[in-house]
Amino acid sequence: MRLYLTLFFAMALSVGAAPIVVTIDPKSSGAEISPDFIGLSYEMSTVLPGRDGRYFFRSDNKPLIELFHTLGVKSLRVGGNTADRESVRVPGKPDIDSLFAFAKAADVKVLYTLRLNEGETKTVVPGPSKAGSKESFHPYDPKADAEIAKYIQDHYSAQLSCFIIGNEPDHYCTDFPMYKADWERFADAVSAAVPDARFCGPSTTPGRVVWAGDFASELGKEQRIAFITQHNYAAGSGRTTNISVARERLLSPNIEHAYEKVYDAFVPAVLNAGQHYRLEECNSLSNGGGPGVSDALASALWGVDYMYWWALHSASGLNFHTGPRSMKYAVFVIGNGGYDVHPLGYALKAFELGSHGHFVPVKESPGHDNLRTYAVLGDDGYLYVTFINREHSAEAHPLDITLDAGTKIASSQIMFLEAPGDNIKATSGITLGGASINSGGDWTGAWSPLNSSQFHLAPATVAVVKFSVSGSFERLQ
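Cut-offs and rules
- Residues numbered from 1 in each chain as written.
- Predicted model: local features only at pLDDT ≥ 70, side-chain atom pairs only at ≥ 80, totals over all residues.
- Heavy atoms only, no water.
- Helix = DSSP H or I, 4+ residues; strand = E, 2+ residues; numbered from the N terminus.
- Buried < 20%, exposed > 50% of the residue type's maximum accessible area, 1.4 Å probe, protein only.
- Contact = heavy atoms within 4.5 Å.
- Areas by Shrake-Rupley, 256 points an atom, 1.4 Å probe, with all protein chains shown as cover.
- Axes fitted to C-alpha atoms, helices over the stretch in contact; angles between N-to-C directions.
- Parallel < 35°, antiparallel > 145°, perpendicular 65-115°, else oblique.
- Left-handed = near helix turned anticlockwise from the far one by under 90°.
- Nonpolar A, V, L, I, M, F, W, Y, C, P; charged D, E, K, R; others polar.
- Core = buried A, V, L, I, M, F, W, Y, C linked by side-chain atoms within 4.5 Å.
- Polar contact = N/O pair within 3.5 Å; in protein donor to acceptor, adjacent residues only side chain to side chain.
- Disulfide = S-S within 2.5 Å.

Help me out: how do you make sense of the overall build of the protein chain in this one?
Along the backbone of the protein chain there are 9 helices and 22 strands. Among the 477 residues that make up the protein chain, the fraction classed as buried is 59%. For the protein chain, long-range pairs separated by at least 24 residues make up 78% of all intrachain contacts whose partners lie at least 6 apart in sequence. When the accessible surface of the protein chain is split by element, carbon and sulfur atoms take 50% of a total near 18,400 Å².

As structure tokens, this is what we get:
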């Protein structure tokens, strides 16, 4: 007999609104969420010492290490435009030592970008951008990359995920065949020095997603390819002057069509090659993000849904591009005595709470454009259901949620990600489980008992419900 857990939803204060029934089948196993799904991405320049001579990534940076642990960050990519920028020096052994000492203390695996282009690269607006030219490509020294790779592999293989050769090569390579020829020349040099080196790529701009499919088709079956990487900025350029439109784009159900377009352009080729993939540079808006969008509650609502959508579509992980200072899309920035966590950081933590396990099927009847529901049967035996209410207009009302949990549910708990006044523009005052994440990386948020079969889900709010199960699931009447 098929076993079901059924949750009944009704729109509060909406006369005549049909209830939304969400049916979850906890006995039907879906895709497993990768344990290292949550990742961050930094510019290669961040690996170098700061103006004060100190490293950002260092083993005694306890607030940063604690914050990585709190948010559940398991993957660290270093690269970005500064990986191929002539004016930024290539990290040396002391820089690499500090980076990997941090990685060990933070318990993360590193995606390390080796230089491919010696010339200056330009940041382009994501979209159907033009490829680079031979005139803009000044190849770096493959032997120098091989020496770096050998040093890392010899000393830090336990903390290494893969090597990336070049960042967004469509900036400076005219087409994929040109890129492939140079990639193979560099990869062969590294492989000669490090026979067991693993690579990932191509790490192209959102305007050249098709290159990731080509990379998978032509190189993906090679033993040395660890996985495929691609960049994505969900809502376009942060240089937009219409913040309101950008915010609405980020929260619109239509944004999923953009995800599907990216997926269709390369993931089928990845799967056909027997490979897996990461979005190892991604965020809401490019170019540092948009004020009032990437640094506001809107980004947290979007971020939770974005992570679950890609996890449900076979992604092995996402690395949110960020930086230690001033970026609007930063997950957190340097603050007084530690770090100020932006709303997107709370999205990472909300995802971390309910994502240790495998998906179980969810059926909504009828569907609701601004409600997204994801269910995960945790490795700990609990069932986690995450609800994202993207309703945020002046007329938006709470969702009145009624749970028909039955006698086989021993207990239920709930936690909310919210902002004062349900304000999607809020850049501060964000809490999860009633608490903020402090500058030292600590978080004291707590689950609240769900003693009643009903609770309200306010507009612009995320709820994570945790069910403690006694015995097996029975069909609930």
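Still more ground to cover, so stick around.
Sorry, what's going on with the packing of helix α6 (residues 243-251) against helix α8 (residues 297-312) here?
Two quantities define a packed helix pair, namely the angle between the axes and the distance from one axis to the other. One can describe the packing of α6 onto α8 by two numbers: an axis separation of 9 Å at closest approach and a directional angle of 25°. Here α6 is positioned roughly parallel relative to α8, judged by the angle of their axes. Where α6 crosses over α8, the two elements pack in a sense that is left-handed. Touching R247, L250 and L251 of α6 are A298, S299, L301 and W302, all from α8. Split into classes, the residues belonging to the contact of α6 with α8 amount to 5 nonpolar, 1 polar and 1 charged.

Looking at this model, I keep getting lost on the nonpolar core. Mind explaining?
As a rule of thumb, soluble globular proteins bury nonpolar side chains together. Counting 120 residues, the largest nonpolar core has F68, Y112, Y306, W310, F320, F332 and L417 as the members making the most contacts within it. The biggest single contributor to this core is α8, with 12 residues. Formed by 18 residues, the second largest nonpolar core is a distinct cluster that contains I20, I24, F455 and A463.

Honestly, the side chain of S355 in this entry has me stumped. Any pointers?
Within the secondary structure, S355 is located in the loop between α9 (343-353) and β13 (357-359). On the accessibility criterion, S355 (5% relative accessible area) is buried. Here the side chain of S355 touches F351 through a polar contact of 2.7 Å, landing on its backbone oxygen. Among all residues touching S355, those that are not within four sequence positions of it are I33, Y308 and V376.

In this structure, what is going on with the state of the cysteines? I would like to understand it.
Structurally, a disulfide amounts to a covalent bond that connects the sulfur atoms of two cysteines. Enumeration over the complete set of coordinates arrives at 1 disulfide. In this model C162 forms its disulfide with C200; the gap between the sulfur atoms is 2.1 Å. The sign of the S-S torsion, about 45°, decides the handedness of the disulfide formed by C162 and C200: right-handed. Residue C162 is found in strand β6 (residues 160-165), and its partner C200 is found in strand β7 (residues 199-202); the two are separated by 38 residues along the sequence. As far as the burial class goes, C162 and C200 line up, both buried.

Limitation: the analysis is restricted to geometry and does not speak to function.
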